[in-house]
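Observations on chain architecture
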Amino acid sequence: MRVDLPSVSLSILEEVKQLTGKPVLVQYCGDLEVGYAKTKIARKRMTSHIILVSKKYAQHRGYLVAHECGHILRVFATPEEKRKVPIMTEQTRRYAIEQMQSDIHRLARVMPEQLLTQMLQLWCDGLVTQVTSQPADVMIENWIYHEHPDLRLDQKKILDLMHREAAAALRKEIAQLTPTKVYAASLTMNYAFFGALDELLGTSYLEQFKSCKYAAEGERLKEMLLRESWDTLEGDIAMSNAWAEALGISGWFEWTDFENLPANYLDDSS
């Protein structure tokens, strides 16, 4: 199905095409496991970039497409030899599990084994995704807000939704059913993420997080993030690594060459 987009988003798509030499194919999809849209950034053997927008959030498609284009632009603004993507290997996943051992034993008493195994994978993958995406996301939101003000209304609606979802994790029962390492790192990053948005976009998201026990650590991550702006993947990687080191999760993932595709990357877009 063809996705109708506002002129501002079409102009960003054209910017991507001019920079990368490849067009962007935008499609609707069903519900995504995480987020509201996702992107397959074209490798050398691909003819186009692919952006999938969840039909559930189709009314915000102009902003969502712009955000995903922001990631593409940052990759191709980086020299080819410095383009990397994060991965979890058997070794890094084992290291992450080792850091959660005490909590795994605790949770095994209240959670079925199969469910706990599934949740461990979700916790590991989710935390790595968070630390390797949020620094870039802040810079992209700042770019959209200041360079493409026509998208601010939809941007605010999606950020409001993200904030509500993140604030839900402050509930005591969520903390009790999550490994301490994961809960602390995730909440610390959310504090820094929304605090940075408040300073850059003039929002007021941080109020709900100010009383959390990880506020001081969150302030430190926020200060690191706002020390200077950048617009490349190379900068994103540097900041993600700095965050990971500060949070004690550097060993949870590693970076591999951008062209090293997972086996299913070139599958159809479903």
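Whatever comes next refers back to the structure up there.
Residues numbered from 1 in each chain as written. Predicted model: local features only at pLDDT ≥ 70, side-chain atom pairs only at ≥ 80, totals over all residues. Heavy atoms only, no water.

With respect to the overall build of the protein
- Assigned secondary structure in the protein consists of 10 helices and 5 strands.
- For a compact globule of 270 residues, the expected C-alpha radius of gyration is about 18 Å, and the protein comes in at 19 Å, within 12% of that figure.
- Per-residue burial over the protein gives 50% buried out of 270 residues.
- Surface exposure of the protein reaches about 14000 Å², of which carbon and sulfur atoms provide 50%. (Helix = DSSP H or I, 4+ residues; strand = E, 2+ residues; numbered from the N terminus. Rg over C-alpha atoms; globule rule 2.2 N^0.38 Å. Buried < 20%, exposed > 50% of the residue type's maximum accessible area, 1.4 Å probe, protein only. Areas by Shrake-Rupley, 256 points an atom, 1.4 Å probe, with all protein chains shown as cover.)

Focus on helix 10 (residues 233-247)
- A rise of 1.5 Å per residue sets the reference length of helix 10, with its 15 residues, at 21 Å; its end C-alpha atoms lie 21 Å apart and thus fit the reference within 8%.
- All buried positions along helix 10 are accounted for by Leu 233, Gly 235, Asp 236, Ile 237, Met 239, Ser 240, Trp 243, Ala 244 and Leu 247.
- In this structure, the buried residues of helix 10 make contact with helix 2 (61-76), strand 4 (84-87), helix 5 (113-147), helix 8 (180-201), helix 9 (215-226) and strand 5 (254-257).
- Following helix 10 by one or two positions, Gly 248 has its phi on the positive side, about 75°. (Expected span 1.5 Å × (residues − 1). Contact = heavy atoms within 4.5 Å.)

A few points about the nonpolar core
- By size, the foremost hydrophobic cluster in this structure holds 85 residues, and its most contacted members are Val 26, Trp 243 and Trp 252.
- The element best represented in this core is helix 8, accounting for 13 residues.
- Other than its neighbours up to four places away in sequence, Trp 252 contacts Met 88, Thr 92, Tyr 95, Ala 96, Gln 99, Met 100, Cys 124, Leu 127, Val 128, Lys 181 and Val 182. (Core = buried A, V, L, I, M, F, W, Y, C linked by side-chain atoms within 4.5 Å.)

A short note on the side chain of Arg 74
- With respect to the helices and strands, Arg 74 occurs in helix 2.
- If sequence neighbours within four positions are ignored, Arg 74 has contacts with Ala 136, Met 139, Ile 140, Trp 230, Asp 231, Thr 232, Leu 233 and Asp 236.

As for the pairing of strand 3 (residues 49-54)
- A large share of strand 3 lies buried, amounting to 6 of its 6 residues.
- The side-chain alternation of strand 3 yields two buried faces, one formed by His 49, Ile 51 and Val 53 and the other by Ile 50, Leu 52 and Ser 54.
- Note: strand 1 (residues 24-29) against strand 3, 6 bridges, orientation parallel. From the neighbouring strand, Val 26 faces strand 3, where its bridge partner is Ile 51.
- Here 4 bridges tie strand 2 (residues 37-40) to strand 3, and the two strands are oriented antiparallel to one another. Residue pairing across strands places Ala 37 opposite Val 53, the latter belonging to strand 3. (Pairing = 2+ DSSP bridges.)

Considering the sheet that holds strand 3
- If you trace the 3 strands from one edge of the open sheet to the other, you get 1-3-2, paired in mixed fashion. Edge strands, defined here as strands with exactly one partner in the open sheet, are strand 1 and strand 2. When strand polarity is set aside, the average angle formed by the axes of neighbouring strands in this sheet is 20°.
- Where helix 2 meets the sheet, its contacts fall on strand 1, strand 2 and strand 3, and the angle it forms with strand 3 comes to roughly 150°. (Axes fitted to C-alpha atoms, helices over the stretch in contact; angles between N-to-C directions.)

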